[in-house]
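This is what each chain is made of:
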Amino acid sequence: MRASDKAYEALRDDIIEWRLLPGTVLAEVEQSERLGVSRTPLREALSRLTAEGLTTTGGRGVVVTDISLDDIDELFELRETLEGKAAALAAERGDPETFDALRRELLRAPELIGGQDPALHDYYGLVGRLDAAIDAAISNAYLAQAMRSLRVHLVRVRRLAADDAARLTAAAAEHAAIAEAIAAGNPRLAEAATTLHLHRSLSHVKATHTPQQKEHHG
């Protein structure tokens, strides 16, 4: 892996997981030493993060950006537009068997969420496989790239919301409904199921988001 890619991935993960909190100044010397890369590849990594909106450049240097409730509203507006269209296209172009298999897995997802030791990593991996299947099915590289860029910010938002078992169980059922509509080849139903899921996700994030929660991820 190139040094700039290594630095980019490490910094991106630290920002997404709230190990680097909003307002943190990413000083070149300090980050170069911490990540074990020279300053040139670090600058390349910081430029990529700024292009993605995870950092911004100002008077203090490169700083980790914040996510406000207004930002969350705007992200979900864009998400509804992109993901609704993608689900509709997947229903028209996707392989029904692939999405029916995902539907069956998603219906079993409460087993991952509700046990004594919730396997949330496995659940989020399953949701990631649904995203990847939709990306592959739509056969539209521009739309897929736009959604990948958006998902970086959505992971940050998800970390702000409480991991509530009841909400995750409901979300799994909503994802199963999306997969079912795509498998059935019904674009309008796939888009509607996506819209409903996003509406409920946004309501949950806004209800459970508090500034204090950021400290829990430090």
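In case you missed it, the structure is sitting above this.
For clarity, every value in this text was computed on a predicted model and none was experimentally measured.

Draft legend 1. Structural view of the overall build of the chain. Helix and strand counts for the chain come out as 11 helices and two strands. The N-to-C order of helical and strand elements in the chain reads α-α-α-β-β-α-α-α-α-α-α-α-α. Taken along the three principal axes of its C-alpha coordinates, the chain extends 55 × 35 × 30 Å. In the chain, buried positions account for 44% of the 218 residues. Relative to all contacts within the chain whose residues are 6 or more apart in sequence, the contacts with residues 24 or more apart total 77%. With 26 positive and 34 negative side-chain charges, the chain shows a separation of 2 Å between the mean positions of the two kinds.

Draft legend 2. Inspection of helix α7 (residues 120-138) at higher detail. Taking 1.5 Å of rise per residue, the 19 residues of α7 would be expected to cover 27 Å, and the 27 Å separating its terminal C-alpha atoms lies within 8% of that figure. Taken as a whole, α7 has its buried residues at Leu 120, Tyr 123, Tyr 124, Leu 126, Val 127, Leu 130, Ala 133, Ile 134, Asp 135, Ala 137 and Ile 138.

Draft legend 3. The packing of helix α1 (residues 3-16) against helix α2 (residues 28-35), seen in detail. The interhelical angle for the contact between α1 and α2, taken along N-to-C directions, is 100°, at an axis separation of 11 Å. Between α1 and α2, the angle falls in the class roughly perpendicular. Contacts between α1 and α2 pair Lys 6, Ala 7, Ala 10, Leu 11 and Asp 14 from the former with Gln 31, Arg 34 and Leu 35 from the latter. Residue composition of the contact of α1 with α2, grouped by class: four nonpolar, one polar and three charged.

Draft legend 4. Just the side chain of His 175, in detail. With respect to the helices and strands, the residue His 175 is situated in helix α9 (residues 165-183). Within polar-contact distance, the side chain of His 175 engages the side chain of His 197 at 3.3 Å. The residues contacting His 175, other than those within four sequence positions of it, are Leu 106, Tyr 123, Val 127, Leu 130 and His 197.

Draft legend 5. Examining the nonpolar core more closely. Of all hydrophobic cores here, the largest spans 46 residues; its most connected members are Phe 99, Tyr 123, Ile 134, Ile 138 and Ile 182. Residue assignment for this core shows that the elements contributing at least two residues are α4 (69-93), α5 (96-107), α7, α8 (141-160), α9 and α10 (187-208). The greatest single-element share of this core, amounting to 10 residues, is contributed by α7. Apart from the residues lying within four places of it in its own chain, the contact partners of Ile 182 are Ala 87, Ala 90, Ala 91, Phe 99, Ile 134 and Ala 190. Within the second largest apolar cluster, 17 residues are counted, among which are Leu 26, Val 37, Leu 42 and Ala 45.

Rules used throughout
- Residues numbered from 1 in each chain as written.
- Predicted model: local features only at pLDDT ≥ 70, side-chain atom pairs only at ≥ 80, totals over all residues.
- Heavy atoms only, no water.
- Helix = DSSP H or I, 4+ residues; strand = E, 2+ residues; numbered from the N terminus.
- Buried < 20%, exposed > 50% of the residue type's maximum accessible area, 1.4 Å probe, protein only.
- Contact = heavy atoms within 4.5 Å.
- Lys, Arg positive; Asp, Glu negative; His and termini not counted.
- Charge placed at Lys NZ, Arg CZ, Asp CG, Glu CD.
- Expected span 1.5 Å × (residues − 1).
- Axes fitted to C-alpha atoms, helices over the stretch in contact; angles between N-to-C directions.
- Parallel < 35°, antiparallel > 145°, perpendicular 65-115°, else oblique.
- Nonpolar A, V, L, I, M, F, W, Y, C, P; charged D, E, K, R; others polar.
- Polar contact = N/O pair within 3.5 Å; in protein donor to acceptor, adjacent residues only side chain to side chain.
- Core = buried A, V, L, I, M, F, W, Y, C linked by side-chain atoms within 4.5 Å.

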